[in-house]
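Here's the letter readout for the chains.
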Amino acid sequence: MKKIESIVVIGCSRLGANLASQLSLAKKDVTIIDKNELSFRKLSDDFSGYTFIGDAENIQTLMDSRVNKADLVIAVTNKDNVNLMIAEICSRIFKVEKVLVRLQDSSKEFLCETFNISFIDTSKLAVQQFEKIIGGLLL
Amino acid sequence: MNDRVVVVGGRKKADFLAESLTKRKMNVIIINDTNSFCVDMSHKYPNAIVACGDGTKPYLYDDLDIEDSDIFIAMMPSDADNLIACQLATKQYHVKKVFCTVSNPKNVEIFKQLGINNVISSTYIVSKMIEQMATLRKIENYIPLEQGTIGLIEIIIEPNMEAVNKRIIDLKVPRKSIIATIIRNQKAIIPRGDTMIEAYDKLIVLAEDQEKELMIKHLTKVVS
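All figures in this text were calculated on a predicted structure; none of them were measured in a lab.

Calculation rules
- Residues numbered from 1 in each chain as written.
- Chains lettered and ligands numbered in written order.
- Predicted model: local features only at pLDDT ≥ 70, side-chain atom pairs only at ≥ 80, totals over all residues.
- Heavy atoms only, no water.
- Helix = DSSP H or I, 4+ residues; strand = E, 2+ residues; numbered from the N terminus.
- Contact = heavy atoms within 4.5 Å.
- Pairing = 2+ DSSP bridges.
- Axes fitted to C-alpha atoms, helices over the stretch in contact; angles between N-to-C directions.
- Buried < 20%, exposed > 50% of the residue type's maximum accessible area, 1.4 Å probe, protein only.
- Parallel < 35°, antiparallel > 145°, perpendicular 65-115°, else oblique.
- Nonpolar A, V, L, I, M, F, W, Y, C, P; charged D, E, K, R; others polar.
- Salt bridge = Lys/Arg side-chain N within 4 Å of Asp/Glu carboxyl O.
- Core = buried A, V, L, I, M, F, W, Y, C linked by side-chain atoms within 4.5 Å.

A.B. asks: In this structure, what is going on with the environment of Ala17 of chain A? I would like to understand it.
C.D. replies: All names here are of chain A. Assignment of secondary structure puts Ala17 in helix 1 (residues 14-25). Taking the C-alpha atoms as reference points, Ala17 and Arg41, 24 residues apart in sequence, are found 8.7 Å from one another. In contact with Ala17, not counting residues within four places along its chain, are Cys12, Ile32, Lys42 and Leu43.

A.B. asks: Honestly, the sheet that holds strand 5 (residues 98-103) of chain A in this entry has me stumped. Any pointers?
C.D. replies: Either a parallel or an antiparallel arrangement is found when strands of a sheet pair, and the pairing is made through backbone hydrogen bonds. Residue and element names in this part refer to chain A. If you trace the six strands from one edge of the open sheet to the other, you get 3-2-1-4-5-6, paired in parallel fashion. This sheet does not close on itself; its edge strands, each paired only once, are strand 3 (50-53) and strand 6 (118-121). When the angles between neighbouring strand axes are averaged without regard to direction, this sheet yields 20°. Two strands pair when backbone bridges link them, and strand 2 (residues 29-34) and strand 3 are joined in this way by four bridges, in the parallel orientation. When the sheet's bridge partners are listed, Asp34 is paired in strand 3 with Ile53. Contacting strand 1 (6-10), strand 4 (72-75) and strand 5, helix 3 (residues 80-93) runs over the sheet at an angle of about 175° to strand 5.

A.B. asks: Mind showing me how you'd approach the environment of Thr90 of chain B here?
C.D. replies: Residue and element names in this part refer to chain B. For Thr90, the location among the structural elements is in helix 4 (residues 79-92). When its relative accessible area of 27% is taken as the criterion, Thr90 is described as partly exposed. For Thr90 and Ser69, which are 21 residues apart along the polypeptide, the C-alpha to C-alpha distance reads 9.7 Å. For Thr90, the contacting residues outside a window of four places in its chain are Val95 and Val98.

A.B. asks: Explain the packing of helix 3 of chain A against helix 4 of chain B to me, please; I cannot follow it from the model alone.
C.D. replies: Each pair of packed helices gets described by two things: the angle between the helix axes and the distance between those axes. Orientation of helix 3 of chain A relative to helix 4 of chain B, taken along the N-to-C sense of each, is 75°, at an axis distance of 8 Å. In terms of axis orientation, helix 3 of chain A runs roughly perpendicular to helix 4 of chain B. Each of Asn81, Val82, Leu84, Met85 and Glu88 of chain A in helix 3 of chain A lies in contact with helix 4 of chain B, whose residues at this interface are Asp79, Ala80, Asp81, Leu83, Ile84 and Gln87 of chain B. Partitioning the contact of helix 3 of chain A with helix 4 of chain B into residue classes produces six nonpolar, two polar and three charged.

A.B. asks: Would you explain the pattern of salt bridges in this entry?
C.D. replies: Two side chains with opposite charge may pair up if their charged atoms get near one another. Counted under the stated rule, the structure contains twelve salt bridges over all chains. Where Lys3 of chain A meets Glu5 of chain A, a salt bridge forms, and the shortest distance between an N and an O atom there is 3.5 Å. On the accessibility criterion, Lys3 of chain A (63% relative accessible area) is exposed. One salt bridge in this structure joins Asp70 of chain B and Lys96 of chain B, with 3.3 Å as the shortest N-O distance. In this pair, Asp70 of chain B sits in the loop between helix 3 (58-64) and strand 4 (71-74) while Lys96 of chain B sits in the loop between helix 4 and strand 5 (97-102), placing the two residues 26 residues apart along the sequence.

A.B. asks: How should the nonpolar core be read in this particular structure?
C.D. replies: It is characteristic of soluble globular proteins that their nonpolar side chains tend to be buried jointly. Val67 of chain A together with Ile66, Phe72 and Phe111 of chain B are the most contacted members of the largest nonpolar core, which totals 56 residues. Setting aside chain neighbours within four positions, we find Ile66 of chain B in contact with Arg4, Val6, Ile29, Tyr61, Phe72, Tyr93 and Val95 of chain B. Listed in part, the 17 residues of the second largest apolar core include Ile153, Leu171, Leu203 and Val205 of chain B.

Scope: geometric values only; no functional claims are made or implied.
In structure tokens form, the structure reads like this:
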């Protein structure tokens with residue numbers, strides 16, 4: 001697999017903003033999309049990527065933000081279904097090599113598997129972290 | 001065994017569908033996220049199964065046992081929700097036929113590429129209808145003859161129509177109509193099969209009443 005240089009983050013949520021800020025710090029070419037301009041306040045002060053205002057549910061926004069040229073697309077809006085739709089469009093139609101989505105509801109993992117999309121289940125991750133800190137309480 | 005139909009989301013559309021489906025003795029399952037609407041529906045259609053909840057959640061599908069249903073119709077306000085619901089229905093629950101409504105007409109093609117066969121956009125359908133009516137406006141004049149069994153129609157040919165730069169013989173006009181005269185630069189031309197149609201020609205067409213719509217559509221077809 002070629003080296004990941006160009007990254008598009010969709011949804012400037014806490015997670016999206018943090019990821020974008022970190023990736024920008026790591027000298028990656030980052031674009032972050034959100035439909036609400038105010039969301040970009042969550043980005044760190046030294047974020048040097050592009051911000052793009054638009055509704056990513058609309059394919060025109062994805063085309064305008066050059067998602068099709070990205071090596072990696074990360075869909076982290078606050079809606080699981082929107083994340084999945086964007087991920088499917090990016091991998092199937094725009095042929096983006098690597099697509100990552102955030103899911104809050106793990107019951108839709110099935111679709112990720114059929115469409116060959118990697119996902120992060122944030123609630124599961126939080127439970128694992130909790131388990132690590134408390135240690136053995138959940139076993 | 002009667003067909004089992006799942007209707008997700010939609011208010012008036014869901015109500016209307018439920019009415020016609022229950023009349024046809026189909027087993028209807030209604031899923032909607034508005035509690036009051038669900039209560040209404042359960043009173044109105046006592047034989048239908050009504051569930052209140054998020055229509056994109058697999059646990060709801062499990063509870064309602066929609067596996068192998070015949071038809072699944074998604075009419076929620078969000079296109080993404082409809083896409084995911086339809087994909088779950090086909091891929092995970094093996095529903096035989098799935099219909100997905102979308103509000104953004106661009107999603108029709110996209111969702112087809114993502115594996116949904118029947119995508120319906122009311123915006124798309126309505127705009128196509130308006131477009132057709134707008135092309136029918138190209139008729140300048142219509143004169144019915146012989147109690148309307150036959151009529152004279154004036155049609156202006158626009159540069160973006162398929163008929164431009166074609167010989168009449170190549171136009172293959174419907175059998176019960178003819179292009180009687182072409183008015184070009186204020187002069188009348190009696191056309192022959194090899195006469196070329198040009199942009200901004202005014203055609204005087206003679207057509208049988210039942211064929212006039214077809215003839216107008218045929219001549220004013222826009223290059224796609």
